[in-house]
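Working through the structure, step by step
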Amino acid sequence: MPLYMDIHHITDGVSADDVAKAHAADLQTEAGYQVRYLRYWVNEPLGKVFCLVEAPSADAASMVHREAHGLVADEIFQVQEGA
């Protein structure tokens, strides 16, 4: 299954607590799309959130965010994991 990294640019601020809640909502929604949200990272001062997701397509990953909480990523890239 392909891996994707998505990036959210949140200009009005972001908190790690809010991102944790959004991630929990993703986990509740992902199975219906054959998606697995694996990890996320937050940079509160810059308003950036990065999500690593295993998904059949970028669109499937985006649909989980849209349904779970509405915070769709601004960018999404297919990636390969390295050591």
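This write-up is about the structure you can find in this document.

Calculation rules
Just so you know, the residues in each chain are numbered from 1, in the order the chain's sequence is written. Under the rules for a predicted model, residues below a pLDDT of 70 receive no local features and side-chain atom pairs below 80 are neither given nor counted, while totals for whole chains, interfaces and linings still include all residues. To obtain the side-chain values, all non-hydrogen atoms of the structure were used and water was disregarded. Think of it this way: any DSSP run of H or I at least four residues long counts as a helix, any run of E at least two long counts as a strand, and we number them from the N terminus. Three labels apply to residues, based on accessible area from a 1.4 Å probe with only protein chains included: buried if under 20% of the type maximum, exposed if over 50%, partly exposed otherwise in between. The criterion for strand pairing is that DSSP finds at least two bridges linking the strands in question. Whenever a nitrogen or oxygen atom comes within 3.5 Å of another N or O atom, the pair is scored as a polar contact, on the condition that within protein one atom can donate a hydrogen and the other can accept it, and that pairs from neighbouring residues in sequence are kept only if both atoms are in side chains. The axes used here are C-alpha line fits, helices contributing only the stretch in contact, and every angle between their N-to-C directions lies in the interval 0 to 180 degrees. Any angle between 65 and 115 degrees counts as roughly perpendicular, while under 35 counts as roughly parallel, over 145 as roughly antiparallel, and the rest as oblique. By the definition used in this description, the sense in which the near helix is turned from the far one sets the handedness, with an anticlockwise turn below a right angle giving left-handed and a clockwise turn giving right-handed. Contacts between residues were defined by any pair of non-hydrogen atoms, one from each residue, lying within 4.5 Å. The residue classification treats Ala, Val, Leu, Ile, Met, Phe, Trp, Tyr, Cys and Pro as nonpolar and Asp, Glu, Lys and Arg as charged. All others, Gly included, are polar.

On to unusual backbone geometry, then. Although it is not a glycine, Q34 adopts a positive phi angle of roughly 55°. Checked against the element boundaries, Q34 lands in the loop between α1 (16-29) and β2 (36-43). With relative accessibility at 59%, the residue Q34 sits in the exposed group.

Here the focus is the pairing of strand β1 (residues 3-9). Where burial is concerned, most of β1 is hidden: five out of the seven residues are buried. Strand direction decides the pairing type here: β1 and strand β3 (residues 48-54), joined by seven bridges, are antiparallel. Opposite I7, over in β3, you have F50 as the bridge partner. Pairing of β1 with strand β4 (residues 75-79) involves five bridges; the strand directions are antiparallel. Each bridged residue has a counterpart across the sheet, and for I7 the counterpart in β4 is E75.

Now for the environment of H69. Take H69: it is sitting in the loop between α2 (58-68) and β4. Accessibility expressed as a relative area gives 26% for H69, which makes it partly exposed. Along the primary structure H69 and D26 are separated by 43 residues, whereas in three dimensions their C-alpha atoms are 7.7 Å apart. Engagement of the side chain of H69 in a polar contact is seen with the side chain of D26, the distance being 2.9 Å. Looking at H69, its side chain comes within polar contact range of the main-chain nitrogen of L71, at 3.1 Å.

Quick look at the packing of α1 against α2 now. Here α1 crosses α2 at 115°, and the two axes come no closer than 9 Å. When the axis of α1 is compared with that of α2, the two are roughly perpendicular. As α1 packs across α2, the resulting crossing turns out to be right-handed. Contacts from A25, D26 and T29 in α1 reach V64, H65, E67 and A68 in α2. Residues that form the contact of α1 with α2 fall into these classes: three nonpolar, two polar and two charged.

Treat this as a map of the structure, not an account of what it does.
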